[in-house]
Amino acid sequence: MSTARVVRRVAVFGGTHGNEMSGVYLVKRWLQNQEAITRSSFLTVPCIANPRAVERCRRYIDVDLNRQFTQEHFSMDFPPSTAPYEVHRAVELNKKFGAKGEAFDVIIDLHNTTSNMGNCLIIGSSMDSFTLQMVKYLVQRSGLVCPVFLTENTVPQLEMADSKRLGVHGINNGHYGPSCLRSVSRHGLCLELGAQPQGVLLADIYLRHERLVHTCLDFIHKFNQGEVFPPETLEVYRILHVVDYPRNNDNDLSAMVHPELQDKDWHPLKPGDPMFLTLDGETIKYEGDSTVYPAFINEAAYYEKGIAFWATQKETLNVTELQVKTK
């Protein structure tokens, strides 16, 4: 049996990336009328994370906000004026929502992806029983298919043949980990829905995002009211490494995602399967030793980060029974 403290404050963020539109417009709506996200047992606060980027409909102004929530930045009460705008904003958000401020218990961060990720739930720990139970509740009760992306990495990166040519990288917390917005609170969840183009608002994804947020809030309210959540199992996709596009001597792309891999997020990629197609029409096959499950395939925002896709492994977690701590 696991216990967790009663939840008093929940923050729902949109616009961490200013061109991911469903979260932006849900939060704008809730800022005008918070009744829909109100539950009697806790406070829910909607917030636009990166207002300048939202105003310009850009992913960010200077640097990616969702990589700036670091202890190095938080050690500065007032970053220098020359620091990127998103560093100032990360410090500001931490002061309000993190341990230095009102110490919000849960952060729900709304994102979109251009990849065919579906209704992806992103979590950072296999040990946080509260978040795991909330995610299991979403999987069971939302009525949506929700793959779970676990950014915790505990195994060495897979060895792949000709790794230099295929651009295999190890895990960097600057991509996913303790530097993201959801890490500011005790419990954090990212709702990453796609495929949706940048700067475009799609009704079906907007409605699915809304449903998932309401289901999260319902779970939290039931938890606060004393409902006991039984032991469960949860299927997750744990990150292994990222794979870059093949590149030439000028570090420019020399290949693209193969048509047989495109839009196949969460599908198995087996040794010998087509992975990239060179600009001259040559197929580059996956040469790893074991099957992986790609995610964020051909994400538009990741070209600048040198990521063609994330390689993950599928595994099942045991989720312990959970109830609210009474003392």
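Residues numbered from 1 in each chain as written. Predicted model: local features only at pLDDT ≥ 70, side-chain atom pairs only at ≥ 80, totals over all residues. Heavy atoms only, no water.

Caption draft 1: Geometry of the side chain of N112. One can find N112 in strand β4 (residues 106-112). For N112, the side chain forms a polar contact with the side chain of S22, separated by 2.9 Å. Within the local environment of N112, its side chain forms a polar contact with the side chain of Q196, the two groups lying 3.0 Å apart. If sequence neighbours within four positions are ignored, N112 has contacts with E20, M21, S22, G23, E192, L193, Q196, I205 and H209. (Helix = DSSP H or I, 4+ residues; strand = E, 2+ residues; numbered from the N terminus. Polar contact = N/O pair within 3.5 Å; in protein donor to acceptor, adjacent residues only side chain to side chain. Contact = heavy atoms within 4.5 Å.)

Caption draft 2: Expanded view of the pairing of strand β9 (residues 232-243). Among the twelve residues of β9, nine are classified as buried, and the element is accordingly described as predominantly covered. Across two bridges, strand β6 (residues 148-150) lies against β9 in parallel orientation. Considered in β9, the bridge of F149 is made with Y237. Looking at chain direction, β9 and strand β14 (residues 309-319) are connected through eleven bridges and run antiparallel. The residue bridging V243 from the neighbouring strand is F309, located in β14. (Buried < 20%, exposed > 50% of the residue type's maximum accessible area, 1.4 Å probe, protein only. Pairing = 2+ DSSP bridges.)

Caption draft 3: Quick look at the confidence of the model for the protein chain. Residues at a pLDDT of 70 or more form 91% of the protein chain, whose mean pLDDT is 92. Here residues 156-165 scores under 50 on pLDDT; set against residues more than four positions off or in separate chains, the count is 27 contacts. (pLDDT = per-residue confidence, 0-100.)

Caption draft 4: Spotlight on the packing of aromatic side chains. All told, the structure shown has 16 aromatic pairs when counted by the stated rule. Between the aromatic rings of F149 and W266, the centroid separation amounts to 6.2 Å while the plane-to-plane angle is 65°, which identifies the pairing as edge-to-face. Residue F149 is found in strand β6, and its partner W266 is found in the loop between β10 (255-257) and β11 (274-278); the two are separated by 117 residues along the sequence. Since its relative accessible area comes to 0%, F149 is described here as buried. On the basis of relative accessible area, W266 is assigned to the buried category, the value being 12%. By way of ring pairs, the aromatic residues F149, Y237, W266, Y293, F296, Y302 and W310 are connected into one cluster. Of note, K28 hangs over the ring of Y25, and the distance from its end group to the ring centre comes to 4.8 Å. Its guanidinium or amino end placed over the ring of F97, K96 lies 5.4 Å from that ring's centre, counting from NZ or CZ. (Phe/Tyr/Trp six-rings, centres within 6.5 Å; stacked < 30°, edge-to-face > 60°. Lys NZ or Arg CZ within 6 Å of the ring centre and 35° of its normal.)

Caption draft 5: Expanded view of the nonpolar core. Among the nonpolar cores identified, the biggest contains 42 residues, and I108, L121, F130, L189, L191 and I220 are the most heavily contacted of them. Looking at this core element by element, the count peaks at nine residues for helix α7 (residues 203-224). The residues contacting I108, other than those within four sequence positions of it, are V10, A11, V12, F13, L189, L191, C216 and L217. (Core = buried A, V, L, I, M, F, W, Y, C linked by side-chain atoms within 4.5 Å.)

Caption draft 6: Region of interest: the pairing of β11. With five of its five residues buried, β11 lies for the most part within the structure. Across three bridges, the pairing between β10 and β11 is antiparallel. Pairing of M256 across the sheet is with L277, part of β11. Examined bridge by bridge, β11 and strand β12 (residues 283-285) share three bridges and lie antiparallel to one another. The partner of F276 across the bridge, within β12, is I284. Counted along the chain from β11 to the antiparallel partner β12, the turn is four residues long, and its residue G281 has a positive phi close to 95°.

Caption draft 7: Looking closely at the pattern of salt bridges. This structure, assessed with the given rule, holds 13 salt bridges. When the shortest N-O distance is used, the salt bridge between R238 and E152 registers 2.9 Å. You can see R238 sitting in strand β9 and its partner E152 sitting in the loop between β6 and α6 (163-166), a full 86 residues away along the chain. Among the residues examined, R238 registers a relative accessible area of 6% and is labelled buried. For R247, the salt bridge goes to D244, with nearest N and O atoms at 2.7 Å. Take D244: its relative accessible area is 8%, and that puts it in the buried class. (Salt bridge = Lys/Arg side-chain N within 4 Å of Asp/Glu carboxyl O.)

Caption draft 8: Fine view of empty space enclosed by the protein. Tallied over the full model, the rule gives three cavities of 30 Å³ or more. Of the voids in this model, the second largest cavity is the one considered here, and its volume is about 50 Å³. Taken together, N19, E20, R59, N112, T113, T114, Q196, P197, Q198, E299 and A301 make up the lining of the second largest cavity. Of the residues belonging to the lining of the second largest cavity, the class tally is two nonpolar, six polar and three charged. (1 Å grid on protein atoms, 1.4 Å probe; cavity = no way out; pocket = protein on both sides within 12 Å on 5 of 7 lines; lining within 4 Å. Points joined across faces, edges and corners; volume = space filled by probe spheres on them. Nonpolar A, V, L, I, M, F, W, Y, C, P; charged D, E, K, R; others polar.)

Caption draft 9: Structural detail: the environment of F42. Within the element layout of this structure, F42 appears in the loop between α1 (21-32) and β3 (43-48). For the pair F42 and K136, spaced 94 residues apart in sequence, the C-alpha separation works out to 21 Å. With sequence-adjacent residues up to four places away left out, F42 is seen in contact with V7, R8, V10, L217, I220, H221 and N224.

Caption draft 10: Highlighting the sheet that holds β10. Reading across the sheet, the three strands line up as β10-β11-β12 and stay open at both edges, with antiparallel pairing between neighbours. The open sheet is flanked by β10 and β12, the only strands paired with a single partner. Shown here is a sheet whose adjacent strand axes are inclined to one another by a mean of 35°, direction ignored. (Axes fitted to C-alpha atoms, helices over the stretch in contact; angles between N-to-C directions.)

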